[in-house]
Each structure stands twice: as structure tokens, then as C-alpha cells.
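Inside the fold
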Amino acid sequence: MRKRVVILGSTGSIGTSALMVARQIPDRMEIVGLAAGTRVAELEEQAQEFGVDHLCIADASKKAPLSGPGRRVYSGEDGLTDLIEATRPDLVLVAIVGVAGLRPTLAAIELGCDIAVASKEILVMAGEVVMNAARKKGVAILPVDSEHNAIFQCLEGHKGSPEDVSRLIITASGGPFRTLPKEQLINVQVEDALKHPTWEMGQKITIDSATLFNKGLEMIEARWLFEIPMARIDVVVHPQSIVHSMVEFIDGSILAQLSTTDMCFPIQYAVVWPERLANKLKPLDFPSLGKLEFEAPRVDDFPAINLARQAGERGGTLPAVLNAANEVANEAFRNRSLSFPGIWEVVEETMARVEHVDSQELEVVVAADLDARRVAEQIFASK
Ligand code: NAD
Ligand code: MG
């Protein structure tokens, strides 16, 4: 089957990898809609290459250069939803940073589209809402995040009870400061934090990988995607990023998914699922790898994992608060207004200050997100 696909965030790191996949498998993947934030020239180039008539640009002032015969150009807050409604695709790939993709994702589910989720923030903030809506509509939520795609693949052959899964083991590269002594973390500069040892990604997630908030967000993401309590989600540092994650069963057997570090693997799998398709991606060569290493994460020096565990266990609005505070602090660090350890402090203080609501209804989490942003900004301004 040739899937009709809309990509939200097509000019970003995941978006451009998805288009690389589309070039490789044109018989299986037709691009019917593209959405970007601001990079209008790149969006135009993509539209021409893939013959796409439905485009969305977040920045309404950049709409004019995209218009042309047969073109429909959308923008503004509802633009993403308008694009999905107009194209009615089989699959929507959500690859926007942060929570901007949440409402369009829910709209796509209502229309019966399958969803490939790269934007972990939407599952962290409103995983319960998204998964419930998908269950009700019978649509698939296909994880693109490499760890979750790995777990998804490991679970696919399992025919027994969900209770047979004893643990999800999420791997982490450890980021650029894996071995940096704690007292030197205060001196970390933006340029150092943007040097990821194994993956090339957008700036926000690269900083999240350095603080380990990326792993924290992924623990909460896994909790919703696989409906498993936080207590059964573990993190292990694996500096080579070859084992993308693992599932442990009650009999002690562990299944893992491995590949070279290239996001085209999980993206292709999400697109052709439930089938497999040969490709030209670089295969793994074990002898040249030599060794795969594993170690415990430094949870006391990098508090993100414990904060996320706390948020995931408490549930309600706390994950949305953690996520929003992290978005504010991550950006403040990138703007050089906050120190590196300041990111953890802002998140921890915001989580303590924002009033907790024990609900994940959409309007409740959206309000908590706004509240947390306001509080986080006050906290970082006072530092
Ligand atoms: P990026 O910054 O490289 O790209 C983001 C894209 O979203 C850009 O095309 C940007 O123009 C677009 N965008 C932003 N706001 C928009 C809006 N309102 N409307 C339309 N488009 C908008 O980010 P990325 O690294 O590709 O990450 C995207 C998401 O995928 C994040 O949630 C990230 O956590 C997740 N993710 C990324 C990777 C990776 O390898 N890059 C891996 C796993 C998960
Ligand atoms: Mg990941």
C-alpha cells in the first residue's frame, strides 16, 4: 500500500530524515502535505521536489511567497489542523518541537489518521488523552523516537499478557557530559552542550540530551505508549547508541533492537508498518563495532531522571508542568540567560510551585502548561 503522508515539521531534523525515507521508497510513501515553522525557501523546495500542493507555514507573514496555481497554503494556530482536514492522509508524522503539535494530533486522530509521533512532548503532556482518543478511534500511534520504536518492535511478536513484561529498559547515550565531574557542570557553555556524541538532532532535543531531560521525557512517553507503570521503566547508559532499547520479560529473557544510529530506521518502520522493506541504510558490522558498553546513569549529578520519575508516578498535571518548565529553561540556557545546572533548578522549583491537579483532561493540562511557563519564567528571571 502506498501511504499518503503529511509531515508536520518537514524542515527539521526528523522532517528532513523522513523526506530521505520518502526518496528511497516512493512506491510506499506519497507526501501530500508539508508544514514548517519559518523556513519558507526550504519548504518551497520540498514542495516542488515532492509535488505537494498543501502547505502550512506557522509564520503567517511568510505565506505569500508559497502561493501559486493549485496551491493551498495554511498558517497560524489552526493551520496544521486545516492542512490535515484538507488532505485526509493515512498517516501524520508529528515532528514539531514542543506542544504545538498536540491539537493537530488530536484532530488527525478524530479523522481516523494513524499517527507517527516524534514529538515526545505531546505524549508527556497529554499521553492519556492522546492514547485514549486513538483507542476510541482505532488508529495506530507509531513511535518514531528511536527508543520507543525499538520497544515497539520488541513487543510486536509478543502474544501473551501485558503482565509478561517485567521491565522496559531505555538506553541513553549519556550526552556530551557523561564523564564530566559534577563541579564542572556549572561552566558548561551552549556550544559544548550542542555537541552530541552520537546523534545529530534539532537544538532543543540536543540540549535535553545533555541534561538527561530527554531521557526523563522518554520515560514518561514510554509510560503512556506502552501502558506500563513508571516503576517498571529503567534507564541504562549505552554510549555507542547501537542498542536502541530493550524489553525484559518475566522469564528473564530480554529482547533488544539494534541498528546504526540513523533516524531513517524508525521513520521507515513507522511508515511501512506492519511490514518490513529492504533499504540502503548502513547495516551494522559487529566486528568493526568491537564492543558495546553499559553503565548506570548519574542520577544524583543529573537530576532530570528522578524529576521525571516523580512526575510520571504522580501523573495528573505534573508531567505537563515538568515539560513546560523544561522548555522555558532549555531556551533560556540556549539564549545564555541561565546556567546549565540552572535548567534542573528551574524545573524542580516550578514543579514544587505550580498547583497540582489530578487530571489529564485536555483543557486542564493546557492550563497547567501555561501556568508552568509563567512560573518558570519568574524563577529564571530571579536567578
Ligand atoms: P527541529 O528543530 O530540527 O525541527 C522542528 C521542525 O518543526 C522544523 O521544521 C520547524 O520549522 C517546525 N515547526 C516548529 N514549530 C512549528 C509550527 N508551529 N508549525 C509548523 N512547523 C513548526 O527538531 P527535531 O530535532 O526534528 O525534533 C522534532 C521533534 O522530534 C521533537 O519533539 C524531538 O524531541 C523529537 N525527536 C527528534 C529526534 C531527532 O533525531 N532529531 C529524535 C527523537 C525525537
Ligand atoms: Mg530518543
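Here we summarise the structure given alongside this text. (Residues numbered from 1 in each chain as written. Chains lettered and ligands numbered in written order. Predicted model: local features only at pLDDT ≥ 70, side-chain atom pairs only at ≥ 80, totals over all residues. Heavy atoms only, no water.)

Turning our attention to the packing of helix 5 (residues 120-137) against helix 13 (residues 318-334). Following both chains from N to C, one finds helix 5 and helix 13 inclined at 145°, their axes separated by 7 Å at the closest point. The two elements helix 5 and helix 13 cross, and the hand of that crossing is left-handed. Contact with helix 5, carried on its side by Glu121, Val124 and Met125, involves Pro319, Ala320, Asn323 and Glu327 of helix 13 and no other residues of that element. Split by residue class, the contact of helix 5 with helix 13 holds 4 nonpolar, 1 polar and 2 charged. (Axes fitted to C-alpha atoms, helices over the stretch in contact; angles between N-to-C directions. Helix = DSSP H or I, 4+ residues; strand = E, 2+ residues; numbered from the N terminus. Left-handed = near helix turned anticlockwise from the far one by under 90°. Contact = heavy atoms within 4.5 Å. Nonpolar A, V, L, I, M, F, W, Y, C, P; charged D, E, K, R; others polar.)

This part takes up the nonpolar core. Within the largest apolar cluster, 131 residues are counted, with the highest numbers of intra-cluster contacts made by Leu8, Ile31, Ile141, Val144, Leu168, Leu322 and Phe340. The contact partners of leucine 168, leaving out residues within four places of it in the chain, are Ile151, Ala222, Phe226, Ile228, Arg232, Ile233, Asp234, Met246 and Val247. (Core = buried A, V, L, I, M, F, W, Y, C linked by side-chain atoms within 4.5 Å. Buried < 20%, exposed > 50% of the residue type's maximum accessible area, 1.4 Å probe, protein only.)

Moving on: helix 8 (residues 203-211). Among the 9 residues of helix 8, 7 are classified as buried, and the element is accordingly described as predominantly covered. For helix 8, every residue scored as buried is listed here: Lys204, Thr206, Ile207, Asp208, Ser209, Ala210 and Thr211. Structurally, helix 8 contributes buried residues whose contacts are with helix 5, helix 7 (190-193), helix 9 (213-225), helix 12 (304-314), helix 13 and helix 14 (340-353). Directly after helix 8, the chain includes leucine 212, whose backbone phi takes a positive value near 75°.

In this structure the tally under the stated criterion is 27 salt bridges. A salt bridge links arginine 2 to glutamate 30; the nearest nitrogen and oxygen atoms lie 3.7 Å apart. Here arginine 2, found in the segment before strand 1 (3-8), pairs with glutamate 30, found in strand 2 (residues 29-36); they are 28 residues apart in sequence, far enough to count as distant. According to the relative accessible area criterion, arginine 2 is partly exposed, its value standing at 43%. One salt bridge in this structure joins aspartate 369 and arginine 373, with 2.9 Å as the shortest N-O distance. On the criterion of helical spacing, the pair formed by aspartate 369 and arginine 373 is a turn pair, its members being 4 residues apart in helix 15 (residues 362-381). Residues aspartate 369 and arginine 373 agree in their burial class; the two are buried. (Salt bridge = Lys/Arg side-chain N within 4 Å of Asp/Glu carboxyl O.)

The subject of this paragraph is the site of ligand 1. Looking at ligand 1, there are 22 residues lining it, with Thr11, Ser13, Gly37, Glu121 and Gly202 nearest. One of the backbone N or O atoms of alanine 118 is found 3.5 Å from an oxygen atom in ligand 1. Contact distances for ligand 1 include 2.7 Å between an oxygen atom and a side-chain N or O atom of glutamate 121. Residue composition of the shell around ligand 1, grouped by class: 11 nonpolar, 8 polar and 3 charged. Both of domain 1 (3-143) and domain 2 (146-261 + 285-299) provide at least three residues apiece to the shell around ligand 1. (Near = heavy atom within 4 Å. Polar contact = N/O pair within 3.5 Å; in protein donor to acceptor, adjacent residues only side chain to side chain. Domains from an automatic or database assignment.)

Our next topic: unusual backbone geometry. Here the bond from tryptophan 273 into proline 274 is cis, since omega is 5°, no more than 30 degrees from zero. Within the secondary structure, proline 274 is located in the loop between helix 10 (264-272) and helix 11 (286-289). Phi at leucine 212 takes a positive value of approximately 75°, unusual for a residue other than glycine. With respect to the helices and strands, the residue leucine 212 is situated in the loop between helix 8 and helix 9. Look at leucine 212 and you get buried, because its relative accessible area is 6%. A positive phi is found at arginine 336, a non-glycine position, where the angle reads about 65°. Locating arginine 336 in the fold gives a position in the loop between helix 13 and helix 14.

Here the focus is the layout of surface pockets. Size it by volume and the second largest pocket reaches roughly 620 Å³. Taken together, 24 residues make up the lining of the second largest pocket; nearest its centre are Phe152, Leu155, Leu225, Phe226 and Glu227. For the lining of the second largest pocket, the secondary-structure elements that each account for two or more residues are helix 5, strand 7 (141-143), helix 6 (146-156) and strand 8 (165-172). Class assignment for the residues of the lining of the second largest pocket results in 16 nonpolar, 3 polar and 5 charged. Two domains each provide a minimum of three residues to the lining of the second largest pocket, namely domain 1 (3-143) and domain 2 (146-261 + 285-299). (1 Å grid on protein atoms, 1.4 Å probe; cavity = no way out; pocket = protein on both sides within 12 Å on 5 of 7 lines; lining within 4 Å. Points joined across faces, edges and corners; volume = space filled by probe spheres on them.)

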